[in-house]
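Observations on the three-dimensional arrangement
Listed below, chain by chain, are the residues.
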Amino acid sequence: MLGSGLIKRSKQITIIGRSAYIIVAIILIINHFGIISIIAAQFISMIIIRILSHFSFFTIEIKSKLAQVTAFSKRNIIKAIAPNAVKVGLVYCSGIAVSQFTVFIAPIFLDLTTVASYGISIQLVTILVTISKLYIDTYTPKIVEYRTQNRIEEMRNIFIKGELYFCFIAVVGGISIVLLGDWALNLVKSQTQLLATLPLIGITIFSLLDGHQIIATNILLASNKVPFLKSSLIT
C-alpha cells in the first residue's frame, strides 16, 4: 500500500488495528482471561489490518492493471533493490530491538501487574505516535517526488508543517494520556492501570522522540540513501 501511494489509508488501517487491540485486550482483561487477552487482541488486530489492507489495495482497477502487466525477472529486481533494502531492514531491526527488548526482560524483574501496565501504556503511546506522524506519512510520495526533482524548498515546507502537526498532536495527546489515561481505564472498569506518572512521562517522551527520529530518517531515505545505518546499529 505504501508503494502505491495509499499512505493515508495505510496509517488509518494501522490505527484501526491498534485501537481494536486495546479494546479487545481491555474487554478480555476485565473478564479475567489473563495472558490470553494479549494474545487474542494481537491476533484480532493483525487479522483486521490484513483484511482491510487487502481490500484497500486490490481494487477492481488494480486487478485489471495487474492482469495486463508483463512479468520481469525476479532476480534482476531483487538485485536492484537488495543493497538499500538490506540497509533499511537492519535499521528497522535495530529500532525494534530497542523498543521491544523490554518486553522480553521485563517479566524477569517485574511483577505481572507492572508488566500489564507497561503493555497498555506503550500501546497508547504507540497509537499517539502513529497519529502524530500521520500528516507527514501521508505526504511521503510527494516528498520523494520533490527530492527526485531537487525541489528542496517544497520538501522543506512539507517537513516543517509535518513537524508542527507532530508536535501539536504529541503534546496534547501526551498530556491527555498522563492526566486522563487512568480515568478512562476506570471508566471501562479495567483492573489494569497505566504506569506511575514519572515512568509514563518518560515512556511518552522517549516514544515521541523516536517518532521524530523516524520522520527525519524517512526524509533522508527520499534520496535513496541510508547514511544513518552505522549510527542506528551502534545506538
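Keep in mind the model is a prediction, meaning the values are calculated, not measured.

Counting secondary structure elements, the protein chain contains ten helices and zero strands. Along the protein chain, helices and strands appear, N-terminal first, in the series α-α-α-α-α-α-α-α-α-α. For the protein chain, the spread of C-alpha atoms along the three principal axes comes to 55 × 40 × 30 Å. Looking at the protein chain as a whole, 31% of its 235 residues are labelled buried.

Our focus in this paragraph is the nonpolar core. Counting 32 residues, the largest nonpolar core has Ile143, Ile177, Leu194, Ile203 and Leu208 as its most contacted members. Elements that contribute at least two residues to this core include exactly α1 (7-30), α5 (112-132), α7 (140-148), α8 (152-187) and α9 (197-221). Non-local contacts of Leu208, meaning those with residues more than four positions away in its chain, are made with Leu128, Val129, Phe166 and Ala170. Formed by five residues, the second largest nonpolar core is a distinct cluster that contains Val88, Val226, Phe228 and Leu229.

In total, this model carries one cavity of 30 Å³ or more according to the counting rule given. Each pocket or cavity is described by its volume, and for the largest cavity that value is around 60 Å³. Lining the largest cavity we find Ile136, Asp137, Thr140, Ile143, Val144, Ile215, Asn218, Ile219 and Ala222. Counting only elements with at least two residues in the lining of the largest cavity, the list comes to α6 (134-138), α7 and α9. Among the residues making up the lining of the largest cavity, the classes are represented as six nonpolar, two polar and one charged.

Judged by side-chain polarity, Val171, Ile175, Leu179, Leu180, Trp183, Leu187 and Val188 come together as a nonpolar surface patch covering roughly 740 Å² of accessible area. Relative to the elements of secondary structure, Trp183 occurs in helix α8. By relative accessible area, Trp183 is classed as exposed at 53%.

Tracing the backbone shows Ser207 in helix α9. Of the residues examined, Ser207 reaches a relative accessible area of 12% and is grouped as buried.

Glancing now at the packing of aromatic side chains. Going through the model one piece at a time under the given rule, you end up with two aromatic pairs. Between Tyr135 and Tyr139 the ring centres are 4.9 Å apart and the planes differ by 40 degrees, which places this aromatic pair in the tilted class. A relative accessible area of 23% places Tyr135 in the partly exposed class. For Tyr139, a relative accessible area of 34% corresponds to the partly exposed category.

Attention shifts here to the layout of surface pockets. The space that makes up the second largest pocket amounts to roughly 280 Å³. Lining the second largest pocket are 15 residues, with Ile22, Leu124, Ile177, Gly181 and Ala184 sitting closest to its centre. Taken together, the elements giving at least two residues each to the lining of the second largest pocket come down to α1, α5 and α8. The dominant element in the lining of the second largest pocket, judged by the number of residues it contributes, is α8, at seven residues. Counted by class, the lining of the second largest pocket contains twelve nonpolar, three polar and no charged residues.

Before going further, it helps to examine helix α2 (residues 35-57). Between the first and last C-alpha of α2 there are 34 Å, a value that for 23 residues agrees with the 33 Å anticipated at 1.5 Å per step. All of the buried residues in α2 are Ser37, Ala41, Ser45, Ile49, Ser53 and Ser56.

Time to look at the side chain of Thr130. Counting through the fold element by element, Thr130 comes out in helix α5. Among all residues touching Thr130, those that are not within four sequence positions of it are Thr14, Ile15 and Arg18.

As a further point, take the packing of α8 against α9. Each packed pair of helices is defined by two parameters, the angle between the axes and the distance between the axes. Interaxial distance between α8 and α9 falls to 11 Å at its minimum, and their mutual angle equals 165 degrees. What the angle tells us is that α8 and α9 run roughly antiparallel. Crossing of α8 against α9: the hand is right-handed. Together, Phe159, Glu163, Phe166, Ala170, Gly174, Ile177 and Val178 of α8 and Thr197, Leu200, Ile201, Thr204, Leu208, Gly211, His212, Ile215 and Ile219 of α9 make up the contact between the two elements. By residue class, the composition of the contact of α8 with α9 is ten nonpolar, five polar and one charged.

Calculation notes
Residues numbered from 1 in each chain as written. Predicted model: local features only at pLDDT ≥ 70, side-chain atom pairs only at ≥ 80, totals over all residues. Heavy atoms only, no water. Helix = DSSP H or I, 4+ residues; strand = E, 2+ residues; numbered from the N terminus. Buried < 20%, exposed > 50% of the residue type's maximum accessible area, 1.4 Å probe, protein only. Core = buried A, V, L, I, M, F, W, Y, C linked by side-chain atoms within 4.5 Å. Contact = heavy atoms within 4.5 Å. 1 Å grid on protein atoms, 1.4 Å probe; cavity = no way out; pocket = protein on both sides within 12 Å on 5 of 7 lines; lining within 4 Å. Points joined across faces, edges and corners; volume = space filled by probe spheres on them. Nonpolar A, V, L, I, M, F, W, Y, C, P; charged D, E, K, R; others polar. Patch = residues over 30% accessible without salt bridge, like charges linked within 9 Å, V, L, I, M, F, W, Y side chains within 5 Å. Areas by Shrake-Rupley, 256 points an atom, 1.4 Å probe, with all protein chains shown as cover. Salt bridge = Lys/Arg side-chain N within 4 Å of Asp/Glu carboxyl O. Phe/Tyr/Trp six-rings, centres within 6.5 Å; stacked < 30°, edge-to-face > 60°. Expected span 1.5 Å × (residues − 1). Axes fitted to C-alpha atoms, helices over the stretch in contact; angles between N-to-C directions. Parallel < 35°, antiparallel > 145°, perpendicular 65-115°, else oblique. Left-handed = near helix turned anticlockwise from the far one by under 90°.

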